[in-house]
Every structure is written in C-alpha cells, then in structure tokens.
Amino acid sequence: MLGLGCLNLSRFSHFPSPPSLPPSSSDLLKVASRRFALSVTKTQQSPVTKTQSSSTAIIELDCPASVKKQLAKVFEVSLRKTVPDEPDVVPLIDACAAKSGVKFADYQCNNAMGLFAKIKGKQTGFRGPQAVGQAIVNNLQPSEMIESCSVAGPGFVNIVLSKKWIAQRLERLLINGIDKWAPRLPVKVVMVDFSSPNIAKEMHVGHLRSTIIGDAIARMFEFSCVETLIRRNHLGDWGTQFGMLIAHLFDTYPNPEDVNDTAIGDLQAFYRASKVRFDNEPEFKLRAQQSVVRLQSGEEKYRKAWQQICDISKAEFEKVYQRLGVRLEAMGESFFNDLIPPTLEKLDKLGLIEESEGARVIFVEGVNIPIIAVKRDGGYNYFSSDLASLWYRLNVEKVEWNIYVTDVGQWQHFDMLFKAFRRAGWLPKDENEFPKCTHIGFGLVLGEDGKRFRSRSGETVRLVDLLDEAKRRCKAALLERDAVKDWTEEEIEKTSEAVGYGAVKYADLKINRLTNYTFDFDQMLNDKVFEESLANLLPNVLCEYLYSLTEIFTKKFYSNCQVVGSPEETSRLLLCETTLVVMRQCFYLLGIEPVYRL
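Each value, and the rule that gives it
- Residues numbered from 1 in each chain as written.
- Predicted model: local features only at pLDDT ≥ 70, side-chain atom pairs only at ≥ 80, totals over all residues.
- Heavy atoms only, no water.
- Helix = DSSP H or I, 4+ residues; strand = E, 2+ residues; numbered from the N terminus.
- Buried < 20%, exposed > 50% of the residue type's maximum accessible area, 1.4 Å probe, protein only.
- Areas by Shrake-Rupley, 256 points an atom, 1.4 Å probe, with all protein chains shown as cover.
- Expected span 1.5 Å × (residues − 1).
- Pairing = 2+ DSSP bridges.
- Contact = heavy atoms within 4.5 Å.
- Axes fitted to C-alpha atoms, helices over the stretch in contact; angles between N-to-C directions.
- Phe/Tyr/Trp six-rings, centres within 6.5 Å; stacked < 30°, edge-to-face > 60°.
- Right-handed = clockwise from strand over helix to strand, strands pointing away.
- Core = buried A, V, L, I, M, F, W, Y, C linked by side-chain atoms within 4.5 Å.

1. Considerations on the overall build of the protein
Consideration 1: Across its full length, the protein carries 20 helices and 14 strands.
Consideration 2: Put simply, the protein has 598 residues, and 48% of those count as buried.
Consideration 3: Accessible surface for the protein amounts to roughly 29,800 Å². Of this, 51% is attributable to carbon and sulfur atoms.

Here it is, written out as structure tokens:
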C-alpha cells in the first residue's frame, strides 16, 4: 500500500553519510533528520512523476505512492512499441515473491505469455514468449525508477528498482510527510455505516467485527483525505419492543425523576424482565402495545421515557467505543420514521410498489422474493427504514459512496435495497459509477466448537467482558516480565489496555473479513501474536503488509546492519525513522495503539 513492502532494507545500508556527528547519541535521529532536510533543500530535486489513475473493480484511485502504477506507465509505452497492432494492452505488473528465501527482483512484468498467445501465427517475427519478453525490455525508455531488467523463464521480465530512486522517494516521505503518499479518491463525501447496536441491549461479540472492521475502513478513507467522512452508527432505536420497555419502566419507576442509569442498572436485565412480562402477562402485553401507539403518536410522556432509555444505552455504548478508540456519529432508525411515507410515495409514483397478499412490495431483478415495504397490518419494517435512510443519504447528505459494514448474512437484504434504487433511477445502472453503495460483509465469530462464540452458560458474550478478559490476560503476562518491575501502575494499566485491545483488533483484522474466524484468547495472546498485535476494503492486506515490513526490518536490516557508530550512521538512522513513520501510520489505520516498550 505504501510502496515499501518490496524493499530489502539492507540494500540501503551503505549510503554515504557526513564524516562527523555530534558526540551525544541521545538526539542522533533528530540531528540526522535536520541534516538530511538541509542537504535536500540545497540540491535540485527531481519532480514527482504524476501517475495515471486506473480503474479497478472497486474504485478509481490516484495513488502517488504506487510503484506498480508508475512501472505500468513505463511499460505501457514499451508494450505499444512491441505489439503496435494489439490495442488496449494493459501492463501486468506484480511484486516479486521470494523463492526459497531468495528474491531475484523487486517487480515483474507478466505480459509476454498472454501476448504471444494472441499474436501467434500473425507473422510478427516472435518465436516464443521469451522473445516477446526480450522485446519488451529492449523497447523500454530510460527510467530513473529502473536499475536493471532481465528476462526469465517463458518471458517474465524481472525488474530491479534503482536504489537512488528509492532513496529519493524515502527522502520525499520524510520531508513532505506520509500523508502525501495517500491514494486520492474521486469522491468528496463518503459514509461508513458500522457497529449499529440495538438500544436496550448490550453490545456483544457479534458487534465486534462490524465495529473493528468499520473503524479500520473509515480510517483508511480519512487517510485518503476525502472532504467529508461520515462515521454513521445506525442505532436500532425504534420498534414494538419499546412498548414493553416503557410500560415496564412506568411500573418500576412511577416517578419519572427516579429514572437514571444507576437506578435501572443492567439495561439488558431490564429488557429481559420486560420481555418475560410481555410473554406471560396479557394485561401487561396490552399496555405495552398501547404504549407503542402512544409513543409513535408523539405523546410527550412516552417520548421522554423512550429518550431516557436511549440515553442510558448510548452512554453504555460510548464506554465501549472509548476503550476501542472508535468514533461514531449516531443516527438511529427513529430519525427516518417520518421519512418513510414520502419515500414510499415517490417509489409508488414511479410504479415500483405493488400489492401482494395484502402487503405493499417491490420486486427487483434476479430475486424471487419481493421487498416488503409495508406489512399486511400497515406497519413498517427494516426495509421501510432502510429505503428512507438511503434516500436521505443520497439526496440530503449528498453521500457519493455509501458503505454498509454488516455480517454476510445480510448481503441479500442490501443487494435488494440497492437494486430497488437502481430500478427507481436513484442509483446508476453501473454498480461502479457514483453515487454508489457497497455492502462490506464479514464472517461470524466462532467458538472452539465451531459454533457462534458464546459464554459457558450459552449466552452471547458481552463485548465489555471480552475486553476485560483481554486486558486481564495481558496484564498478567506483563507482570511476569522483569522489565516492568520499575513501571508505575498507570504504565502497566495503559500498556495492558493497548496490547490487550490491540490483540483483539489484530486477531480480527488479520483474517480476510469474508471468512469466519475462531476466537481463541490463548492463540490471540501467545508470545508471537502478543508481539504482532503491537485496499479493496480488506484490512487484512494492511495487517499482512505491516507484519511483512516488521519482519524485513528486524531480520534483514536491524539484525545485520550496525546503526549507531557505523560509517553509515546518518543514512541508517534515517532509514529507521522512515520505517517508524510507516509503521506508526499502519497502526493508526488499523486502530491499534502502538506500545514503545515492553
């Protein structure tokens, strides 16, 4: 992502450095940075090459840090010269992988075999893919990026990047900042809809993935400098369940002034108690149903009770978000309730709504079942609310890219929602044109038995309990280390939180979001992962990059190249700083707070 993944850091261990350095080593890195910045401003810098944005299956990006795109631009010219009669040849550039621990090049151009298959028999003079590969190399224009090229196997063009060019790129990163390397998006307003717990119910492990993955995706958009990023928490704060909650609240606290989070205590237990009464007490059930009607009609007493319940829930949610370092802007289903009738009226005028078995429905292409916009009894449902909320986002908030982060089980729901909007002409027919909507699905969190992760009593694991356990285990592991004996209690607490919560996040984000994953504290917090925890919308790619960079720096550079006291001290300190800048940014994008000592 940031253009450093292919680097063998030991290649830069012999850059010349000034002969003299100050005797004190405590500020060597700062001194090296200042000296480096001075030396760069005194020399003429080669201009940064503008790269052409290319279309992908997800979005068109302009990424100044993309080595692949810059190489593609160089090879595009060569390919046109090599096969002038083959239009629209797209350069196939990939990073080279090490084989048996040996890496023969940084990148590869893999067009030769495919091209030869297309031109074979057309009297081009090429006798095989290797000849095509060699012609590609011969037709390359001089480039400051490339140190050398060679042809291997059936026409693979191995590319070795210029050390001088890479050094210049790292210079620019240190001088201009890593933000200049961020990809640029052709949109101004993006919304990421994630977490979305239900009022009066505690957040559980099922909310973990949506919250962590959604936050990582939001951070990536922030890094890409979109003008407006909306972190939307679409709370479940409306529905028939509030009737029984309000009725139970009035019975339990006849004086409204007595209602607060301390009095109610466990809101989840309060919800269960009201549900038991609703299922077993006919008189209470009737009052609960009447309470829903009075709430939805806007009666002040019932609105106030509803607001009290919502406020208590939101305060509890916010405690979890603060522990996870997640920022969200809440806008619940209730906000869109008054927008449902006019939205459905618009769809009706467009001829999308029809009667079916007493309900009002919308049929969409490729799906046998319809969207139920209005139930048989005249009530609304999730589809009704989502139709209104998406209309609001597109027309009032002017969101150009709507991203919904939920489990894969809701894929069909959102697929039908988006198709309905395309049928209405409210979204482009082409799914990759803007404004657009994307559902980011993720797999389930499983226990060791392969079933949904639950507590020993069979109940869903509360998210606060999971975070408490992660912190407890990390604190126990820390206290076993001799290095922490002189730490303050505050240092131990903060480090336990940072590593514990970071381990929970990393264990989730390193897995491809589309797959289920087994939650295992012992695996998550073992020594290896304990240290590990310190763009296609797949955060696991960023995790893999961060781990790879850490491994390359530690095993290939730090273990083999002396830094302080070496003739190359300045350049090596700067390389350490560059790596630090990139790693710190990766940790931030993943929402993991780095720890600087253990």
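2. Here we look at helix H6 (residues 208–223)
Owing to its 3.6 residues per turn, the α-helix aligns residues three or four sequence positions apart on the same side.
Consideration 1: For H6, spanning 16 residues, the distance from its first C-alpha to its last is 23 Å, which sits close to the expected 22 Å at 1.5 Å a residue.
Consideration 2: The buried fraction of H6 amounts to 15 of the 16 residues, a majority that puts the element mostly inside the structure.
Consideration 3: Directly after H6, the chain includes Cys225, whose backbone phi takes a positive value near 65°.

3. Let's talk about the sheet that holds strand E7 (residues 329–330)
Consideration 1: A sheet is described by the order of its strands in space; here 5 strands give the open sequence E7-E6-E5-E11-E12, paired in parallel fashion. Bordering the open sheet on either side are E7 and strand E12 (436–442), each of which pairs with just one other strand.
Consideration 2: Here helix H13 (residues 382–395) sits on the sheet in contact with strand E5 (189–193), strand E6 (228–233), strand E11 (401–407) and E12, set at roughly 150° to E11.

4. As for unusual backbone geometry
Consideration 1: A cis amide bond links Phe434 with the next residue in sequence, Pro435, at an omega value of 0°.
Consideration 2: Structurally, the position occupied by Pro435 is in the loop between helix H14 (411–424) and E12.
Consideration 3: For Asp88, which is not glycine, the phi torsion reads 60° and is therefore positive.
Consideration 4: Although it is not a glycine, Cys225 sits at a positive phi angle of roughly 65°.
Consideration 5: Judged by its relative accessible area of 45%, Cys225 falls in the partly exposed class.

5. Overview of the packing of aromatic side chains
Consideration 1: For the structure shown, the criterion picks out 13 aromatic pairs.
Consideration 2: Ring centres of Trp401 and Phe434 lie 6.1 Å apart, and the angle between their planes is 75°; on these two criteria the pair is classed as edge-to-face. Note that Trp401 is positioned in strand E11 and Phe434 in the loop between H14 and E12, a separation of 33 residues in sequence.
Consideration 3: Ring centres of Phe421 and Trp426 lie 5.1 Å apart, and the angle between their planes is 75°; this geometry places the pair in the edge-to-face category.
Consideration 4: By way of ring pairs, the aromatic residues Phe221, Trp401 and Phe434 are connected into one cluster.

6. A look at the pairing of E12
Note on strand geometry: in a regular strand, side chains alternate between the two faces of the sheet.
Consideration 1: Of all the 7 residues making up E12, 7 are buried; the element is thus mostly covered by neighbouring parts of the structure.
Consideration 2: Judged by which residues are buried, E12 turns out to be covered on both faces: Lys436, Thr438, Ile440 and Phe442 on one side and Cys437, His439 and Gly441 on the other are all buried.
Consideration 3: Judged from the 7 bridges that link them, E11 and E12 form a sheet pairing that is parallel. Bridged to Thr406 within E12 is Gly441.
Consideration 4: In this fold, the crossover linking E11 to E12 by way of H14 has right-handed handedness.

7. Some remarks on the environment of Val408
Consideration 1: Inspection of the secondary structure puts Val408 in the loop between E11 and H14.
Consideration 2: Residue Val408 is classed as partly exposed on the basis of its relative accessible area, which comes to 38%.
Consideration 3: Each C-alpha atom, one on Val408 and one on Ile440, is 7.9 Å from the other, the two residues being 32 residues apart in sequence.
Consideration 4: In this structure Val408 touches His439, Gly441, Phe442, Gly443 and Leu514, once residues within four positions along its chain are discounted.

8. Structural notes on the sheet that holds strand E1 (residues 93–95)
Consideration 1: Reading across from one edge, E1-E2-E4-E3 is the order of the 4 strands in this open sheet, with antiparallel pairing throughout. A strand with exactly one partner marks an edge of an open sheet, and here the two such strands are E1 and strand E3 (146–152). The average undirected angle you get between the axes of adjacent strands in this sheet is 25°.
Consideration 2: Where E1 meets strand E2 (residues 107–109), 3 bridges bridge the pair, whose relative direction is antiparallel. The partner of Ala95 across the bridge, within E2, is Tyr107.
Consideration 3: The sheet contacts of helix H4 (residues 129–138) involve E3 and strand E4 (156–161), and relative to E3 the element is tilted by about 165°.

9. Structural notes on the nonpolar core
Consideration 1: In this structure, Val190, Val192, Ile199, Phe221, Phe242, Ile309 and Val405 are the most contacted members of the largest nonpolar core, which totals 77 residues.
Consideration 2: A per-element tally of this core places helix H11 (residues 300–324) first, with 10 residues.
Consideration 3: Look past the residues within four positions of Val190 in its chain and what remains in contact with it is Phe221, Val226, Thr228, Leu229, Ile230, Val399, Trp401 and Ile403.

10. Points about the pairing of strand E8 (residues 353–356)
Consideration 1: Bridge analysis of E8 against strand E9 (residues 359–362) gives 4 bridges, and the strand direction is antiparallel. Its bridge partner lying in E9, Glu354 is registered against Val361.
Consideration 2: Hairpin remark: E8 followed by E9, antiparallel, with 2 residues in the connecting loop; positive phi at Glu357, about 55°.

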